[in-house]
Amino acid sequence: MTAEMIAPAWMHEQITAEQYDSWPEEQCAGIEVVDGMVVVSPSASKRHNRLARILANALDDAGRPEWNADTDFDVRLQDVPLTNRRPDVVVYRADTIDVTPTRPEHVLLVVEVVSPGSETTDRVVKVDQYAKAGIAFYWRVEQAPTGVPLVYTYVLDPATRVYRDGDVFTGVVKVSAPFPVKIDLGSV
């Protein structure tokens, strides 16, 4: 059995931004591109999706009218080599809703909900990539065995392009930056 029989060629070759931009949306859904190579992630659990939706809805309400919060779209961190990430929640400038691709300068906050299999990527790799891209805030949501999520917040130091630790929240997220928001995650 050859690699081509298991997966299409585009999953084994470095791709450019131009190639990726020519693909249909269905082909791009569920994948990320890191240093030009396609990374396929397993489907998220219902709990994972629910946490992302609760966070996106609360952040969307808090950010109006200047900021939108959404799920399931690419953020283009760099063109060469191509790196597209698909954070679980993205808070972006409302006036860029029709701008494609979404770039780091359009984004205020990214949220990653950690799932089994994504621990290292969400705790280490993505943190570094988002910081180097200049995204001001990063939240990592851990799904604790108690059912009450833990939310770790990080704030970018623009001089070093490294995140510094912010607050850690259990169950209820209450922050004033990037804008005042209180999110009750309870036992999701």
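Above this text sits the structure in question.
First, a word on what this report is: a plain description of the structure on this page. (Residues numbered from 1 in each chain as written. Predicted model: local features only at pLDDT ≥ 70, side-chain atom pairs only at ≥ 80, totals over all residues. Heavy atoms only, no water.)

A look at unusual backbone geometry
Residues apart from glycine generally show negative phi values, whereas peptide bonds are mostly found in trans.
So, step 1. Cis geometry marks the peptide bond from Arg-64 to Pro-65; its omega dihedral reads -5°.
So, step 2. Inspection of the secondary structure assignment puts Pro-65 in the loop between helix 4 (46–63) and strand 3 (67–70).
So, step 3. Each neighbour pair has its own omega, and for Val-80 with Pro-81 the value is -20°, a cis peptide bond.
So, step 4. The phi angle at Asp-72 is positive, at roughly 65°, despite the residue not being glycine.
So, step 5. When you line up the elements, Asp-72 lands in the loop between strand 3 and strand 4 (75–78). (Helix = DSSP H or I, 4+ residues; strand = E, 2+ residues; numbered from the N terminus.)

A short note on the sheet that holds strand 9 (residues 150–157)
So, step 1. Taken together, the 6 strands give an open sheet; going across it, the order is 3-6-7-8-9-10, and neighbouring strands pair in mixed fashion. Of all the strands in the sheet, the pair left with one neighbour each is strand 3 and strand 10 (162–170). The sheet shows a mean angle of 15° between the axes of neighbouring strands, taken without regard to direction.
So, step 2. Its contacts with the sheet place helix 5 (residues 119–133) against strand 7 (107–114), strand 8 (137–142), strand 9 and strand 10, and it is angled at close to 170° to strand 7. (Pairing = 2+ DSSP bridges. Axes fitted to C-alpha atoms, helices over the stretch in contact; angles between N-to-C directions. Contact = heavy atoms within 4.5 Å.)

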